[in-house]
Structures are given as structure tokens and as C-alpha cells.
Amino acid sequence: MEAPAGTVSAAVREHLRQLCLREFPCGIGSWNKSRFLPQTSRAWRELVPREEEAVSPGEETVEDLLGLVRSPHSPWALPEGSSAEDRFLRELAIQNPLVLKDSFFYTYFKSLRVVDKQVSLVDKDLLKFVKLEELILSANLIKEIDPANLPPTLKVLELYGNKMSSMECLCAGPPPGLQHLGLGHNKLLGPLESLPNLVSLDLSFNDLTDLQSMVASLRTLPCLRLLVLQGNPLALVPYYRGFTIDSLSRLCVLDDITVASSEKHQFRGLRHSGDLLTQEAQLVVTIGNVRGVLDTSVLDPEPGPQGPFITYSYYVTYDFVEDEEAEGNGYGGVLAEIVKPSPSTEQLGEDVPEEVVEEAEDSVESGPVSQSQLGEMEESLVSGGSAPLPRTSVDSAEELAKLRPHLDPRLCPSPGTVLFSTVRKPWADVIPCNYEMQHTLSDLVPLKAFLMSGTTVTIVEEKILSWPVVPPSPDSPMPAKKGKGEKDKKGEKDKKGKKEKEEKDKKGKDGKDKAGKGEKDAAKEQKEGKKKKELLKDLRQDPPILRVLGSGRVALEPLLAGEPFVSTVCDFGVIRTLETDKLTFFRDSKNKKARKDAMEAKKSKTKLPAAIEKGKSLVSVYESNYHPDPLTVEVQIQLTQCRSAEEALRALVL
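In the annotation of an unreviewed UniProt entry, the entry for the chain reads Leucine-rich repeat-containing protein 43 isoform X3, and the organism field reads Vicugna pacos.

Asks: Is there a simple way to think about the overall build of the chain in this case?
Replies: Helix and strand counts for the chain stand at 19 helices and 18 strands. Burial analysis of the chain (654 residues in total) assigns 39% to the buried set. Put simply, of all contacts in the chain between residues at least 6 apart along the chain, 71% involve residues at least 24 apart.

Asks: Please clarify how the packing of aromatic side chains should be interpreted in this entry.
Replies: The way to describe two aromatic rings as a pair is by their centre distance and the angle between their planes. All chains considered together, the criterion is met by 13 aromatic pairs. Ring geometry for Phe109 and Phe129: centres 6.2 Å apart, planes at 70°, overall edge-to-face. Of this pair, Phe109 sits in the loop between helix H4 (102–108) and strand E1 (111–113) while Phe129 sits in the loop between E1 and strand E2 (134–136), and the two are 20 residues apart along the sequence. Phe129 shares its class with Phe109; the two are buried.

Asks: Would you explain the environment of Pro413 in this entry?
Replies: If you trace the backbone, Pro413 turns up in the loop between helix H12 (397–403) and strand E12 (417–421). Pro413 sits 95 residues away from Tyr318 along the chain, and the two C-alpha atoms are 8.3 Å apart.

Asks: How do you make sense of the pattern of salt bridges when you look at a structure like this?
Replies: Enumeration over the complete set of coordinates arrives at twelve salt bridges. We note a salt bridge from Arg271 to Asp246, for which the minimum N-O separation is 3.2 Å. Taken together, the residues span a long stretch of sequence, with Arg271 in the loop between helix H8 (261–266) and strand E9 (281–291) and Asp246 in helix H7 (residues 240–247) at a distance of 25 residues. One salt bridge connects Glu634 with Arg291, and the closest N-O pair in it is separated by 3.1 Å. Linking Glu634 in strand E18 (residues 632–639) with Arg291 in strand E9, this pair joins segments that are 343 residues apart in sequence. Assessed through its relative accessible area of 30%, Arg291 is described here as partly exposed. Several salt bridges share partner residues, and in doing so they unite Asp429, Arg576 and Asp581 into one network.

Asks: Help me understand the side chain of Arg241, please; the structure alone is not making it clear to me.
Replies: Mapped onto the fold, Arg241 is located in helix H7. Judged by its relative accessible area of 18%, Arg241 falls in the buried class. Contacts of Arg241, omitting those with residues within four sequence positions, involve Leu254, Ile257, Thr258, Val259 and Glu263.

Asks: When you look at the side chain of Glu263 in this model, what are you seeing that I'm missing?
Replies: Checked against the element boundaries, Glu263 lands in helix H8. Sequence-distant contacts of Glu263, defined by excluding residues within four places in its chain, comprise Arg241, Ile245 and Thr258.

Asks: What am I meant to see in the nonpolar core here?
Replies: Nonpolar side chains tend to gather and get buried jointly when the protein is soluble and globular. One finds Leu192, Leu201, Leu203, Leu218, Leu283, Leu447 and Val633 to be the most contacted residues of the largest nonpolar core, which totals 114 residues. Leave out the neighbours within four places in its chain, and Val633 touches Ile287, Asn289, Val290, Val316, Val457, Ile459, Thr568, Val569, Cys570 and Phe572. Counting five residues, the second-largest nonpolar core is a separate cluster that includes Tyr315, Val460, Leu546 and Val548.

Asks: Explain the sheet that holds strand E4 (residues 180–182) here, please?
Replies: Within a sheet, neighbouring strands are paired by backbone hydrogen bonds and run either parallel or antiparallel to one another. If you walk across this open sheet you meet the eight strands as E1-E2-E3-E4-E5-E6-E7-E8, and the pairing is mixed. At either margin of the open sheet sits one strand with a lone partner, and together these are E1 and strand E8 (257–258). Two elements, strand E3 (residues 156–158) and E4, share three bridges in a ladder whose sense is parallel. The residue bridging Val156 from the neighbouring strand is His180, located in E4.

Asks: Honestly, the sheet that holds strand E17 (residues 565–571) in this entry has me stumped. Any pointers?
Replies: Strands sit in the order E13-E9-E18-E17 across an open sheet of four strands; the sheet is antiparallel. Edge strands, defined here as strands with exactly one partner in the open sheet, are strand E13 (430–441) and E17. Mean inter-strand twist for the sheet, computed between neighbouring axes without regard to direction, equals 10°. Sheet analysis places E9 next to E13, joined by ten bridges and oriented antiparallel. By the bridge assignment, Val284 is partnered in E13 with Gln438. Running at roughly 35° to E9, helix H13 (residues 444–453) makes contact with E9 and E13 of the sheet.

Asks: Is there a simple way to explain helix H1 (residues 8–18) in this structure?
Replies: Every α-helix carries 3.6 residues per turn, so stepping three or four residues along brings you back to the same face. Among all positions in H1, only Val8, Ser9, Ala10, Ala11, Val12 and Leu16 are buried. Along its buried surface, H1 packs onto helix H3 (84–95), H4 and E1. Residue Cys20 follows H1 closely and has a positive phi angle near 55°.

Asks: How should unusual backbone geometry be read in this particular structure?
Replies: Comment: phi is negative for the bulk of residues other than glycine, and the bulk of peptide bonds are trans. Cis geometry is adopted by the peptide bond preceding Pro25, which originates at Phe24 and carries an omega value of 5°. Structurally, Pro25 is set in the loop between H1 and helix H2 (62–70). Look at Cys20: it is not a glycine, yet its phi comes out positive at around 55°. Along the chain, Cys20 falls in the loop between H1 and H2. Look at Cys20 and you get partly exposed, because its relative accessible area is 29%.

Asks: Hey, could you run me through the confidence of the model for the chain in this one?
Replies: Where the model shows low pLDDT, its predicted coordinates should not be examined in detail. Averaged over the chain, the pLDDT score is 77; the fraction of residues at 70 or greater is 68%. Considering only residues more than four positions removed or in separate chains, one finds that residues 399–405, a stretch of pLDDT under 50, has 13 contacts.

Asks: Hey, could you run me through H7 in this one?
Replies: Counting buried residues in H7 gives eight out of eight residues, a clear majority hidden from the surface. Buried within H7 we find Tyr240, Arg241, Gly242, Phe243, Thr244, Ile245, Asp246 and Ser247. Close packing links the buried residues of H7 with helix H6 (211–218), strand E6 (226–228), strand E7 (253–254), E8 and H8.

Asks: Mind showing me how you'd approach the packing of H2 against H3 here?
Replies: The axes of two packed helices give the description: the angle between them and the distance between them. Where H2 meets H3, the closest approach of the two axes is 10 Å, and the angle between their N-to-C directions is 160°. Comparing the axis directions of H2 and H3 gives the class roughly antiparallel. As H2 runs across H3, the sense of the crossing is right-handed. The segment H2 lies against H3, with Val62, Leu65, Leu66, Val69 and Arg70 engaging Arg90, Glu91, Ile94 and Gln95. Class assignment for the residues of the contact of H2 with H3 results in five nonpolar, one polar and three charged.

Criteria and cut-off values
- Position numbers for residues start from 1 in each chain and track the written sequence from start to end.
- Predicted model: local features are reported for residues with pLDDT of at least 70 only, side-chain atom pairs are reported and counted for 80 or more only, and whole-chain, interface and lining totals are derived from all residues.
- Side-chain metrics rest on all non-hydrogen atoms present in the structure, leaving aside hydrogens and water.
- Where helices and strands are cited, they refer to DSSP runs of H or I of at least four residues and of E of at least two residues respectively, numbered from the N terminus.
- The rule is simple: take the accessible area with a 1.4 Å probe, protein chains only, and divide by the maximum for that residue type; under 20% is buried, over 50% is exposed, in between is partly exposed.
- Whether two residues are in contact is decided by their heavy atoms: any pair within 4.5 Å suffices.
- Between 30 and 60 degrees the pair is tilted, below 30 it is stacked and above 60 it is edge-to-face, where a pair is any two Phe, Tyr or Trp rings, Trp via its six-membered ring, whose centres lie within 6.5 Å.
- One speaks of a salt bridge when a side-chain nitrogen belonging to Lys or Arg is within 4 Å of a carboxyl oxygen belonging to Asp or Glu.
- We call a set of buried Ala, Val, Leu, Ile, Met, Phe, Trp, Tyr and Cys residues a nonpolar core when their side-chain atoms join them within 4.5 Å.
- Strands are treated as partners if at least two bridges between them are detected by DSSP.
- To define axes, lines are fitted to C-alpha atoms, for helices over the stretch in contact only, and angles between the resulting N-to-C directions are given on a 0 to 180 degree scale.
- Each residue carries a pLDDT score, the predictor's confidence in it, ranging from 0 to 100.
- For classification, angles of less than 35 degrees are called roughly parallel, those exceeding 145 degrees roughly antiparallel, those between 65 and 115 degrees roughly perpendicular, and all remaining angles oblique.
- Helix crossings get a hand from a simple test, with the near helix turned counterclockwise from the far one by less than a right angle marking a left-handed crossing and a clockwise turn marking a right-handed one.
- Classification used: nonpolar for Ala, Val, Leu, Ile, Met, Phe, Trp, Tyr, Cys and Pro, charged for Asp, Glu, Lys and Arg, polar for all others including Gly.

Take a look at the structure:
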């Protein structure tokens, strides 16, 4: 049974050698040689049954030898996971080793399992196994098979995890009784046919892209009842399951899911529109709330009249495959905030009017950035330091590289992908991203590779330093003081008017005082709003300082395995500290209760110490119950799937 290396026969020969069928405790040797001595003629009295004689000294009984191969603690025990055929051969080599000849092996095996044995060729010696019905050749190096070398008795053939790129060789004269064919996890590109008795077919996780031609070839298999196509690019289109079920009316199970009669009814007639259906996949990415973000602003000093005014914003990025076959970019702006950060008035804190904040939010759009824009990103992103880049002429590339800020690689898209970002949001205990993006891709092969590798989700903190364009002079009077003086003069005139009117009508005096006070408050608020808007216009901004708070990979392979969506909460651990959270707690408490405490203090000075004691008790309670939330972000990626023929055709019209 000699065979060249790399063939199925050679792998079987090596497997039998590793079973040690001719070595102790199997085979014939000094441990059992008396049982196999030549038989001589005996008298008729010796033929009468009698008790078995004791074995010769130094030999073992059959029961003892069998115990050595059956006990899991024996050094001669078979490895865990050995097949029933291996156990039978070991015991047979003890009980009757004389029958173990080549002719016995060729007639004994009905199933051969040769997995991960570096087999690259199915040789003709396999035809010697005249009773072979099942052949498992998974995880090898087979590129093609000559069906003439397959035994005609074969019913099951599995070639998972090989390097087959075509099924033409297998379809040219396959075994007539072949019922199951497993070709998953290969590199198949084309359809198959000429397998009349095939009942079960597994083509999962290949590179099949044309659903219409694939289904047309499967119609030539009249006995096909079980089909697996998940993991192929063609299974990513929204109408995949419905079109396949309606086209193969005799199918019972598709992708390990029983085909219900209701499905056949819902997708009835869809096969007639196969030529109109587009080969596009649609995925919707949703990013929800971000929790556990550290409020860095509490560590910054109060800005002086000359700045800097520091603002913080937070956003989430993820990479997604780039559709090279698309005619144009349908995502709008190309992540303008990262490539060329625009002034964001949303993050200027409480000093910014709400109207300006709303205008800034409306003007910010999320979108992708590809690798071709990394040069611009390196010039516009700053990873540390607050000073802007000096504007000097640089001759050498080395000096230019030193002046450029270092870009965190986690902020760059991986090869073949585009980086997408949510809208920038100010700090909050829970930051709602409210992000949703639909990705439509026609190049399905790169999409499959992307889903196999997954996407990277990153939470980014953006810090921007703003400076007055013209620093105020310390000698020049402030505009606010002039306004205050005018208000004081106006107030004195109002007081004189009040005294004159007091003698005439006391009630009228009270009403007019209230009206005058309301007018002054409104005028004051208008002036303050104008000052803040003027401040925003007169500020210049440094390039943003970006800091990655957390980054991790989200597995998307379940979408290839038939799952409709992947929903997860990315947990990056706790980054908040007690010290910073206490400062945030004090600031929030001060903003909420400042007016209330001031009113109580005016009414009674004796209540002030009680308020202080109350504040201390709140701090102690806060510290005792301090359990910071980890940095998390909610992410969901959904693969669009049509639930009926009407829905598929409606999507075609839209």
C-alpha cells in the first residue's frame, strides 16, 4: 500500500502506522506467542471442551491486554477524540492480529477521515476501498479532484477548508450515488451541475457573488433538499433568502433553517423579477449612548481675559469598507471635523447662547475619510501641546516630519476602509450620539472580507484652544463697565421719578417699578448675548488636540453566518477617578443650588452653617456610594433583509 507523499493513500498508511497495530499490547510477540504456535494433530480426547489452561509465564491474557488499550489512564490508550474504527482495530489487533492484512483494510473501511494531513491529491489507490461510503478530506491543500479516482460507492464527500476554486472538475463524472457534498470555506467562484442524486449541498463561506446564475444551476439538481449558502457575498443582498426559496420550490432547509410554508407564500413570484434585482447589500450602523466619559474640563484653570478659552467635545468613529464600484460618494461631507476642524460653538460651555449652539449643531455633518486624506489629517490634527504649528519654511522632509503632529494610528482607517464619525457632543454623564448611517455597497467580495475582520470603534476627545484675535489692553476701559455706568445713571433718574410719583399714587408706583425692572433685565440679557456673540467672532482656534479614550474591535462575522444584526456595548474599562468626579459633582451642585442657597442665606444667617453641614454630608454620601461607570458605547450593525416579495420590489422602485 505504498503511495507518494501528499496523497490520501499515504495519509491512510501513516494513520495505520500510528495506531501501532503490530506493537505491544497489539500484534504478536513474547506477550502472547503461545496462542499462535502451529497446531499439531491431537487425540480425540483432547478435543473435549475443558477449562482454559493457564498462560505461559511472562505472557498476558487477552483481557489484560484489552484493559491496557481501553483504560484512559494507560500509556497505550488511544488519544482523545479517536474514532470508533480506530478503537475497533486496536482491539482486533489483540484478539486476532492475523486478520490484519491489506485485503482486510480495503474491505473493512466504509468511512475514511483524513483531516489536516497536508493532503493535496486524491490518488487512484483510493479505488481499492471497495466499500467506502464516506470520505472526509477537510482542512487540507486540495485544489481539484479527479472524479475518476473516487470510489463509485461513495455517498458522502466533504472537502471543507481546502483551496478549491472551481467545481467543474468534480462535476465531470461524479460518483453516481453521491448524496451529500460539503465544499464550505473554499474559494469557489462558479456554479455546479450534473449531480442528479445530490440531496444535501454545503457551499458556505466561498466567494460566490451571482445569486441568479447560482440558483439557475441549482435547479438542475432534482433531489436537492438541503442547501447552505450563508457566508457567501451573494447571501448579503436583501432579497437572498426569498429569491432562493421561490426559485427552488423543493427546498426544505436553507442555511440550517427550515423553509416554512408561510415563507414560500410571502416570496411567491419573486423569481420572475430576478433580472431586475440589484446586486447590492445594505447595512445600517447605529451608535447610541456613550457613558463613563471623564470630564476633563474641571481640571483646567479659569481662562483670563487673554485666553485661552478651552472647549471639549466627544465623538465616536468606526471604519467601514469602501465601495470602489460606486459611481459617487453618497455620504456627503468627508468627515470635515477631523480633516479640517471647523469652529464648534457647541462646546464653549455655558457662555455660549443656545441659538448659536443650535446653529453649530445643524452645520455639523458626519461622513467618511479615506486613506488618501491622511496627509491632510496629519497637518490638521494635534496629539499633544496647545501651541499652533509655527509657520516657517521647511526645506527637508525630515524637518517637516518633526513639525507635523503625530497622529494616533487608531484615528486612521485600515486599508480599504473609510472612517466615519458621529456628530461632536459636549460632555455629559450620558452622551447621546443619536447616529444612524445606511451603507449601500455593490462590491460584495470586499464587504465579505471586511465582515470577517470586523470594525474598530473608537471614542475620541477633542480639545480646542481659542484665543482673542486682538488681546484687550489692560488700560482701556471694558465695555461692560461703561454699560454698567449707564445703567447706574439711569437707575438714579428712575429713583427720583419714583419719589415724585410716590406722593400721588402708591399702587401705580409699584406697578411701574416692576415694569421698569423687567425692561432693565431684558436689556441686560440682550447686551450680554451680544457680547458673547462678539466674543465668538473675535476668537481664533488652534488645531484640535485629539485623545483616544477607548478603542476596540467589534466582530461582524455573525452577519455572514445568518444573523440579521450585531448589537453590542463596547466596554473600555473605567477611566474616571474619584477626584475628578468630585470636582464635577461640586460644579453641578453649585450651578443647580446657587440661587436657592443665596436666597436662604439672605433670609437668615443662622441657616448658613446648616447649609455647609448639608454640603459636607452630601460629599460623604457621594464618596461612600461612589461606583464609576466604565467607558461604554452602544453599537448596532444591521443587515437589511426583505421579508416579502412586495418589500423587495418596493425597495427596487425606491
